[in-house]
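For reference, the chains in residue letters:
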Amino acid sequence: MQLSIDRLSKTYPNGVRALHNVSLNLTNGMFGLLGPNGAGKSSLMRTIATLQEADSGSIRLDDLDVLDNKTGVRRLLGYLPQEFGVYPKISARQMLDHIARLKGIERSNERRDLVLALLEKVNLYKDRDRKLGTYSGGMKQRWGIAQALIGNPRLIIVDEPTAGLDPAERNRFYNLLSQLGEQTIVILSTHIVEDVSTLCSQFAIICHGEVLYHGEPGNAIKSLEEKIYSKRIPQNEIEKYRAGYPIISTQLKAGQLYIRIKSDEHPGNGFSPAAPDLEDVYFTHISTKMDVNTL
Amino acid sequence: MFKEIFAFEIRYRLRRPAVYIYFFLVLIFSAFSFAKGDVPIGEKEWINSPVVLAQFSAIMSIFLMVASASIMGMAIYRDLEYGTKEYYLSYPITKPGYFWGRFLGSFIFVAAIGAATMIGAWLGTRLGPAFGWQPKDRYGNAQLIKYIYPYLTLTLPSLFFTSSFFFGLVSAFRNVKVIYSSGTLLFLGYMISSFFLHNSHNQFVIYLTDPFNFNGLRAEVAAWSPDQHNHSLVRMQGLLLQNRILWSSIALAGLAITWFRFSFERFFSGRQQRRLTSTVNQARPQPPRHPYINLKGSRYNQKSLYTLTRIEILNIVRDSYFWIILSGGLIFMFFIFWMGPGRYGVPDYPRTSFFMGVFMETFPFFLFLIIVFYTGETVHREKHTRYHLINDTLPPPTWVFNTAKLLSLLALATGLALVPMLLGISVQLLKGYPHLNLTQYASSELVTLLPKMIATVLFCYAIHIAIDNKFAAHGVAITIWAVLYALTSLNYFDYNLLLYSYTPRFWPSDIDGIGHMVRPVAWYQAYWTTAGLLLVLIGSLFYARGTRTGLREKTVLARQRFRGWTTTGIVATLLLFFTIGGYIYYNVSYLNEYLTTWEKEERAALAERQLRRYADIPQPRTTHISMQLDLYPDIQQETTKALVTLANSTNQTIDSLLVDGDGLDFEVYSNNTKLPYTCPLYFPRGRFDFFRPKQEPSDYRWYRLGNPLKPGDSIQLEVRSTVAHEGFENSLYNANILHNILFTGGNLPGLGYDKGDELGRNDIRREHGLPKKDPNELTRDNPNLITLDITVSTSADHIALVPGRLEKEWTANDRHYYHYLQNSSGVYAPFGILSAHYKSSATTVTLPDGRPLDVGIFYTPMNDLNLADFRSALKDGLEYYSRNFGPYPFPRLTLMETPVYGPFNVAMQGEIGLIENLGGWNADLSGNNKTDYPYYNIAVVLAQQWWGQQVAPNNAKSSPVISKGLAVYSALRLVRQYRGKDAVTPFLEDLQRTYGWGHRTDFDGEHDLLHANKPHLWDARAPLVLYNLAEYIGADSVNAALRDFLQQWKFRRDTPYAGVADLYSCLKQHIPDSEISYLKNAWETSTPIAELKHGASQSKPTTTHQQSKPTTSQTITSQQSKSTTSQTTTPQQSKPTTSQTITPQQSKQSTTPHKKTSPL
C-alpha cells in the first residue's frame, strides 16, 4: 500500500490556511505526524479520512483517488479522531456491534466475538454493557481505539490517540498498534516526540500547514550530530543568550535553566556538546517558522 | 464578584443575536397588533384601551415563556455546555456572585424583551392612524401610564415567575432538555386548568390559580361598559393583587430554594458515576481469525440501513425527555378524550368522529413541535455529540445514513399519528361505548393524519439537513409553520396549493365519515408528499457528512452528488409534483372557480353596488311547484324539472324577472322553449384562475317575459336544473350531497335581488368602499305559502323525506321513488328535501283530539341510544302543544338526524331535524347530570310546528320573537309540566347567560322586545319574561293568549303577517291588571330581567298575597345573574346560547332555510 499526498492545500472559510502544498509519500508501517497545536495535522488527517474537502491537490491510496472515491477509502479505513463523542444512551458493546455491522462484518457470531475481543484488548471488557455516556475520558478514548480497529482496516489514522490515557494504557495501546500487520499504513499524530522516535519508521513535521521535514527518525537525529550544544545559565540571562545564540529549546530542571543551541561549530563560552534527540530535530524545524519560546 | 459576573453576563448577552431577535419579534408583533387593530375589542372600545393593553400584556407573558425559558435556561447551562466548569471551580468566584450575577444579568434581558410588548403597543398606537390602517378615532390618548402600569403589574411579575422557574429547573437538573419538557408541561397544564376554569364558578379559584393572571383579569373586566374599558386602568387590587403577590412569592420561594440548594461543586461536577460491579475472570474472548466482510451491494446497504435505523430509534426512545413530553401530551389528550364534548354539563358518548376531529383541530401544532424538535435532534445528533467524526468515515453510502434518519423519524411520526386512534379506542372500550367506528379510524388515519405527519417530517427533515445549525433550522421551520398557520387560521389566504401540507378542510361525521372529501384530500396529500420528497431529495444534496463547513464546500459536494440516480430521482419527483399539482389546479382553478376571501367579498360588494337598485322592483311570487327531482347521492348529482306557478300580487305590471341563480346550472323554459336572458353583471376573473375566461358572469340573470304579467295574473314556467359538481374544489364542496345523506332545497333559483348576500360587517364593507349598513334594515321577505307536488327518486337504499303527504312510494330501475303532495294548506317557503341512508323507528301517537298521528324518527344506525327519550319528547310535546295552542294540523311528524355540515336544525312542515353532533343524539344521560337537553331540543323544534309553520311571522327585524322566542317558551313550559321545576333550571340558567352576556355587550343601545334586533332578545329575553309571567299568573293564561294569537294568524296567505306587536296585544288581553305593568316593562323597555318587578310588589309591597308567592323564577334569575358574571366572560362562551344558534361547523353551503322565501 502506498499513500501519496500531492500538493494538498486547504483554506477554511474563516481564512485560516490549514494546509499549504502538502506533499507526502507513505508506505506500510507507522507514520508519525509532529507539529504544534493548529499546525494542520488534524486537517490533513480529516481530509484523508474523507471528512472534508481539499481546495487543491490530490491524495491517492494505491490506485484510489481519495478525494473522489470516498466510499472506496472508507472501506479500508480505521479512524480514531481527536475529541470525538459518542451516543450517550447506547452501551459500549452495542455501539461496537453497530459499527462492526457497518464495517461489513455480516455474521452476528463473528461480530460478537470480535467486539468482545476488542473490548478485552482495550481493557473495557468489564464495562462493556455500560452506557457510553457514563464513560470517563480515558475509557471513551479506549473505546475509540477499539472501534478504529474493527474490520481489518488497511489504513489506520489515529489523531492524538494517547491523549488522556495513563502510562499503562498508553503502553497497552502502543503494543496493540505494533501488532498490526505489515500490510497496514498507520498514521499517528502526537505531541509526544519520544513516541515517534520509538514507534515510527517515518515521520513528518508540520507547521502552519506546511511540511517542514519528512524522513526517518534515525536519519533526522543523525543530521544533527555534533551540532547541538547545551549550557546551564542563570535564569535572568536568558534574554542576553537569546540575542546571541540560536536557541532551539530551554528546559528548567530543578530550578536550573538549561538551554540548547544548534551550531555547526563549537560556540565556546561554557557550552558543551550534547547528544541530539528527536526533540532537537523538532524544535530546530519549528523555530524556523515560529517563535518557540518555552519560557 | 457579583458586579463582574453581572457585567460579563450583560456584555455576553449584548453580543448574542437571540435577545435582539426575541425583542424585535415581540416588538413587531405588538406594534402590528395595535396598528392593525388585531386585538379582541368591541366596536365601541378603543384599540389601545387600558383593558386591551392589560389583556395583551397578560397573554403575551404566556408566550414570552419561550424567551424566558431559552434565556434563563441557558444562563447557567452555558457553563456546562461549553465545559467552562474547570475555570469556575478554580477562579475565586463566590457563590452569590455567580448565582445572582447570572440570574439578574439574564433576567434584565427577559424583562427588556417583555417591555417590547408595551413599547410595540405604544408604537402601534402611533403607527395605526399614521398609516391609515385604522381611523384615528379608534384610539384613545396614549398616556404612558396606560402602557407602563400593565407592564409592571402583569408582564414583569409573570416573567419573574417563569424565569425563576426555568432557572431553578436547570440548576437542579443540570440539563437543558428539562426546559423543553417542563415548558411543554407548563403550557399543557395551563390549557387544562383554563379548561377547568371555564366551568368553575369559584371566584377565588379563577383569580388565584393563574400564574399569568389572565383568567382573573378576564373575569374582572367582563361586565365593564365600553366607557370603563376606555378610561379605567385595570388596577391591581383585591383578588387581582392577591394573585400577583401569591405568584411572585412562589417565584421568590422557588428562587430561594434554588439558591440554598445550589452548590458549585455539585452543579459542575455532576452526578457521581455509578460503578458497575465488574464480573472478572471470564474466559478471554478470542477474535475471529478471518471474519467474513462484505462492504458492497444492496445486501450490505440493507443491513446498514437496518442497524442505523435501529440505533436512531433507540437514541430517540432512550431519552427520558421524550417520554416526559409524550406522556404530557397523552395525559392532556386522554383528559380531552375522556371529558369529551357536551352541552349543559352532559357529556357526549365517545364518538369516533369527535376524537379524530378534535385531534386534527387541537394537536397538529403540538405534534409539529415534537417532530421538528426530534428531527433536529436526529439530524444533528452526530455533530452535536461529535460522534460524526467516527460515523461519517464509515463505509455506507450517504444515502443510507440519510434514509435511516428519515425512516426513524417516519416511524416516530407514524407512532404519533396512531396515538389518537389507540387512545380513542381505549376510551371507548373503557366507557363501554358500543360503536367503535373502525372504518372511520382507518380512513382518518390514512387520508389525513398519516399523510400530514409524513409531510411534516419531510418538511422538517429537509430544513434540518439543509441548514447546518440546529437552532437556526428550528427557527426557520417553526416560523414557516407559524406563518402558514396564521395565514390560514386568520383567513388571510387559503389557496391550499401554495400552503405546504394544507388540504381542503372537512369534518369527520358519523353519518358519512370523510365521505366524498376523501378524493380531494387524497390528491392534496399526494401532492404534498411528493413536495416533501422533493424537498428531502434537494436537501440531501447538502447533507453534511464529515466536518465540512461553509457554503463553498457544500456547493462542491452538492454538485458532486447531483448525478446519476439522484438527478433522475429529483427530475422524476419534480415531474410527478407538477403533474399532481397540475391536476389539482385543473380541478380547483379551471373546472371550478377559486376566489380568495377578498375576491369573494369584492364580488359581493360589486353586486351590491350594481344591483341593489333593483331590490324593490316588483317581482311575482311563487304559488305552486310541481317538481320531478332525481337524486344520485352516490355520484353526488341532482336533476330537477319543475313547473313553477308565479303570480303577480303587486299592483304593477311585471315585464322582467331578476333571477338569482345561486351557483346553479339551470335554464328556464316557457311552453318548452328556452327563454333567453341577459346578465346584468360580470366579475373579473379570480387571480389564481389563469385559464378561465377573463369575465365571469354573476349569478343574476334578467329574463324578459314575452307577455308582461299584469296585476293578479299568473304564469307557469318550467325550470330545469342540474347539480353535478365537476372535479373538486380548494375547500369543502357538496357539503349537502354526502354519500349517506343529502339535503336539497329543490335547486330552484331565487327571484329578485338578495339582500342576504350583502356584506354584513362594517369593517369589511369599509375596505370595499361600501357605506355602513343600516342596522335596522329589513333583510327578510314576507312569508309565502305555496302548494307542492313533488316526485322524488333516489338511490334504492335511501329514504327520501319531503314536506307534505306521502301519496305513493315505489321502486323502479333499482331506484326508490316517492310522490309527496301538499295541496291543502300549503307550506311556507323555503322547504327542503332529505334523502339518507337512515334507520327508522315509527310509532303512532294519539293526539288529544283522538286522532292517531304517525311519528317517525330517522337516524343513523349508531345514534340509537336516545331514541326512547326522543319519543317521549315528541309524544309529550304533541300532547302539550296541541292541548294548549291548538291541534297539530299536519298529516305526519318526522324527526330526522342531519349531518355535521348542517342544516343545524330543521323546522319544516311536519318535519323537524337535529344535527348529528350537537342535537342530542349522542348525549350520555346515564351520568350524574340528568339535564335532559335532547328532550328540550326536541321540544324547541317541535314547537316551531306551531310557531313558524302555522303562524308565519312577518318580515320585521323583530319577528324571531315569534318563531324562536315562543318556541323556546313552549319548550320551557313543556319541560316544567312533564319533568318538573328542577328540570327547567339548567335551561333557564343557560338562557340567562345568553341574555346576560347580550345585555352587557349590546353597546348599540339595547332595544325593547317589540323592536328586538339581537339574538339575545328573541332567543332569551322573550322566552324568559314569558316563562316568569306564566309562573306569576299561571301558564294557562299565557298559553290562552298564545292560542288566541295562533288562531288569529295561522296559515295566512297575504299581508299583514303576524308581528311582535300583534303577539303583544294578544298577551295584554289575557293578562290580569296586576301584571300589566310587568308585561309593559318586560316588552316595552329594556329593563334587565332581574330588575323587573311583578304583581303589586312594586306599588303595594305589603299585600299578603304577593308576599306568599316567593317567585322561584325570580330567585333563580338573581342567582343566575350573579353566577353569570363569572361564567360568560369569554367571547367563545357567549356564542353557544340556546339550541338555536348556528354551529361553527355550519358551512355556507348548508342550505338552512334562510334563503329567499320565494323560489322561482
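Residues numbered from 1 in each chain as written. Chains lettered and ligands numbered in written order. Predicted model: local features only at pLDDT ≥ 70, side-chain atom pairs only at ≥ 80, totals over all residues.

**A closer look at the packing of helix α29 (residues 960-979) of chain B against helix α31 (residues 1015-1033) of chain B**
Residues and elements named next belong to chain B.
- Remark: α29 packs on α31, axes separated minimally by 8 Å, with the N-to-C direction vectors making an angle of 45°. Compared by their axis directions, α29 and α31 come out oblique. For the crossing formed where α29 meets α31, the hand is right-handed. On α31, the residues that touch Pro960, Val961, Lys964, Gly965, Val968, Tyr969, Leu972 and Arg973 of α29 are Trp1018, Asp1019, Ala1022, Pro1023, Leu1026, Tyr1027 and Ala1030.
- For the contact of α29 with α31, the residue count by class is 11 nonpolar, 1 polar and 3 charged. (Axes fitted to C-alpha atoms, helices over the stretch in contact; angles between N-to-C directions. Helix = DSSP H or I, 4+ residues; strand = E, 2+ residues; numbered from the N terminus. Parallel < 35°, antiparallel > 145°, perpendicular 65-115°, else oblique. Left-handed = near helix turned anticlockwise from the far one by under 90°. Contact = placed C-beta atoms within 7 Å. Nonpolar A, V, L, I, M, F, W, Y, C, P; charged D, E, K, R; others polar.)

**Examining unusual backbone geometry**
- Residues Ala829(B) and Pro830(B) are joined by a peptide bond in cis, for which omega reads -5°.
- In this fold, Pro830(B) is placed in the loop between β18 (815-828) and β19 (833-836).
- Along the chain, Thr1055(B) connects to Pro1056(B) via a cis peptide bond; the corresponding omega equals -5°.
- With respect to the helices and strands, Pro1056(B) occurs in the loop between α32 (1035-1049) and α33 (1060-1070).
- The backbone of Thr50(A) sits at a positive phi, close to 65°, despite the residue not being glycine.
- Take Thr50(A): there are 23 C-beta atoms within 10 Å of it, and that puts it in the buried class. (Buried ≥ 20, exposed ≤ 12 C-beta atoms within 10 Å, placed from the backbone.)

**Examining the interface of chain A and chain B**
- Listed by partner, the interface residues are 41 residues for chain A and 44 residues for chain B.
- Secondary structure elements with two or more residues in the side of chain A that touches chain B: α2 (70-74), β6 (77-80), α3 (92-102) and α4 (108-121) of chain A.
- Among the elements that take part in the side of chain A that touches chain B, α4(A) stands out by supplying 6 residues, more than any other.
- Considered class by class, the residues forming the side of chain A that touches chain B number 16 nonpolar, 9 polar and 16 charged.

**So, the pairing of strand β12 (residues 714-724) of chain B**
All names here are of chain B.
- Bridge analysis of strand β4 (residues 637-647) against β12 gives 11 bridges, and the strand direction is antiparallel. Its bridge partner lying in β12, Leu646 is registered against Ile715.
- Of the pairings in the sheet, the one linking strand β6 (residues 665-670) to β12 comprises 5 bridges and is antiparallel in character. Across the sheet, the residue bridging to Glu667 is Arg720, located in β12. (Pairing = 2+ DSSP bridges.)

**Here's the deal with α29(B)**
Residue and element names in this part refer to chain B.
- With 20 residues, α29 ought to run about 28 Å at 1.5 Å a step, and its terminal C-alpha atoms sit 27 Å apart, in line with that.
- α29 sits mainly inside the fold: 17 of its 20 residues count as buried.
- Positive phi shows up at Gly980, right after α29, with a value of about 95°. (Expected span 1.5 Å × (residues − 1).)

**Overview of the nonpolar core**
- Within the largest apolar cluster, 178 residues are counted, with the highest numbers of intra-cluster contacts made by Leu458(B), Tyr461(B), Ala939(B) and Ala971(B).
- In terms of residue count, the dominant contributor to this core is helix α20 (residues 438-466) of chain B (14 residues).
- Once residues within four sequence positions are removed from consideration, Ala939(B) is found in contact with Ala873(B), Gly877(B), Ala971(B), Leu974(B) and Val975(B).
- Counting residues in hydrophobic clusters, the runner-up holds 93 residues, among them Val186(A), Ile248(A), Val281(A) and Val400(B). (Core = buried A, V, L, I, M, F, W, Y, C linked by C-beta atoms within 7 Å.)

**Digging into the domain arrangement of chain B**
- Domain parsing of chain B yields domain 1 (2-269), domain 2 (298-581), domain 3 (592-837), domain 4 (839-945) and domain 5 (979-1134).
- Computed from C-alpha coordinates alone, the two centres of domain 2 of chain B and domain 5 of chain B are separated by 55 Å. (Domains from an automatic or database assignment.)

**Notes on the sheet that holds strand β8 (residues 677-678) of chain B**
Residue and element names in this part refer to chain B.
- Reading across from one edge, β8-β11-β5-β14 is the order of the 4 strands in this open sheet, with antiparallel pairing throughout. Both outer strands of the open sheet, β8 and β14 (750-751), are each paired with one neighbouring strand and no more.
- Note that β8 and strand β11 (residues 700-709) share 2 bridges and pair antiparallel. Considered in β11, the bridge of Tyr677 is made with Tyr703.

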